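# Coordinates in review
Each chain, written out:
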Amino acid sequence: MFGVGAAAGPAAALEPFHDPELGVMGVDLNQSDTAALANTPLPQLLDPLLGNAIYVTLDLDFEAEDSDSSIRRGPLPGGFSGFVADTAQSRGIMGVMLADGNTVLVYRAVPQPRG
């Protein structure tokens, strides 16, 4: 699910997904949806629920053959609202996934600045 959303990049739209065989469901947000979400009170309202989620950040460098990725377990730096704001400010894309009914994973892909 994450790979599809990240590969689609900013051209993709908000994409809910559900895979009963894998036991996952969630939503991928494109760049516009991420920016729009950052400008609402919803991320702050979700801080208590998603603040300790497992999170993944991919720093995408389309010029390089490999990308830097990191996986960390919460609390999210700055909470969920900070995660959303940082992703939007970096012109990234993000998503939220629930696995096996009890594991929340938030993820983002952020393009590397070109220099």
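In every chain, residue numbers begin from 1 and rise along the written sequence. Residues qualify for local features only when their pLDDT is at least 70, as the model is predicted, and side-chain atom pairs are given and counted only at 80 or more; totals for whole chains, interfaces and linings, by contrast, use all residues. To get the side-chain values, take all heavy atoms of the structure and skip hydrogens and water.

### Describing the nonpolar core
The criterion, for reference: Only buried residues count toward a nonpolar core, which is a set of Ala, Val, Leu, Ile, Met, Phe, Trp, Tyr and Cys residues joined through side-chain atoms within 4.5 Å. Exposure classes here rest on a 1.4 Å probe applied to the protein chains alone. A residue is buried below 20% of its type maximum, exposed above 50%, and partly exposed in between. Only runs of H or I of at least four residues qualify as helices and only runs of E of at least two qualify as strands under DSSP, and these elements are numbered from the N terminus. It only takes one pair of heavy atoms within 4.5 Å for two residues to be counted as in contact.
The biggest cluster of nonpolar side chains holds twelve residues, and these are Leu29, Leu37, Leu50, Ala53, Tyr55, Leu76, Phe80, Phe83, Val84, Met94, Val96 and Val106. Of all the secondary-structure elements, those providing two or more residues to this core are helix H4 (79-89) and strand E5 (93-99). Of the residues forming this core, the biggest block, three residues, is contributed by H4. Apart from residues lying up to four places away in sequence, Phe83 is in contact with Tyr55, Val56, Thr57, Leu76, Pro77, Met94, Val106, Tyr107 and Arg108. Grouped together as the second largest cluster of nonpolar side chains are eight residues, Phe17, Ile54, Ala99 and Tyr107 included.

### Notes on the pairing of strand E1 (residues 15-19)
Heads up, the condition is: Two strands are said to pair when DSSP picks up at least two bridges between them.
Note that E1 and strand E2 (residues 24-29) share five bridges and pair antiparallel. Pairing of Glu15 across the sheet is with Asp28, part of E2. Between the end of E1 and the start of E2, which pair antiparallel, lie four residues, with Gly23 showing a positive phi angle near 70°.

### Some points on unusual backbone geometry
At Arg91, a residue that is not glycine, the phi angle is positive and equals roughly 60°. Among the structural elements, Arg91 can be located in the loop between H4 and E5. Using a relative accessible area of 57% as the deciding quantity, one classes Arg91 as exposed.

### Structural notes on H4
With eight of eleven residues buried, H4 lies mostly within the body of the structure. Among the residues of H4, Gly79, Phe80, Ser81, Gly82, Phe83, Val84, Thr87 and Ala88 are the ones counted as buried. Just downstream of H4, Arg91 is the residue with a positive phi angle, here 60°.

### Examining the packing of helix H2 (residues 31-38) against H4
Basically, it comes down to this: With axes taken as lines fitted to C-alpha atoms, and helix axes fitted only over the stretch in contact, angles between N-to-C directions fall between 0 and 180 degrees. Working definition: roughly parallel below 35 degrees, roughly antiparallel above 145 degrees, roughly perpendicular at 65 to 115 degrees, and oblique for all remaining angles. Definitions for this section: a left-handed crossing has its near helix turned counterclockwise from the far helix by less than a right angle. A right-handed crossing has that turn clockwise. Here the term charged refers only to Asp, Glu, Lys and Arg, the term nonpolar to Ala, Val, Leu, Ile, Met, Phe, Trp, Tyr, Cys and Pro, and the term polar to all other amino acids, Gly among them.
Taken N-terminus to C-terminus, the directions of H2 and H4 make an angle of 135°; their axes are 8 Å apart at the nearest point. By the angle class used here, H2 and H4 are oblique. Our pair here, H2 against H4, has a crossing hand that is left-handed. Seen from H2, the contacting residues are Thr34, Ala35, Leu37 and Ala38; seen from H4, they are Val84, Ala85, Thr87 and Ala88. Looking at the contact of H2 with H4, its residues break down into six nonpolar, two polar and no charged.

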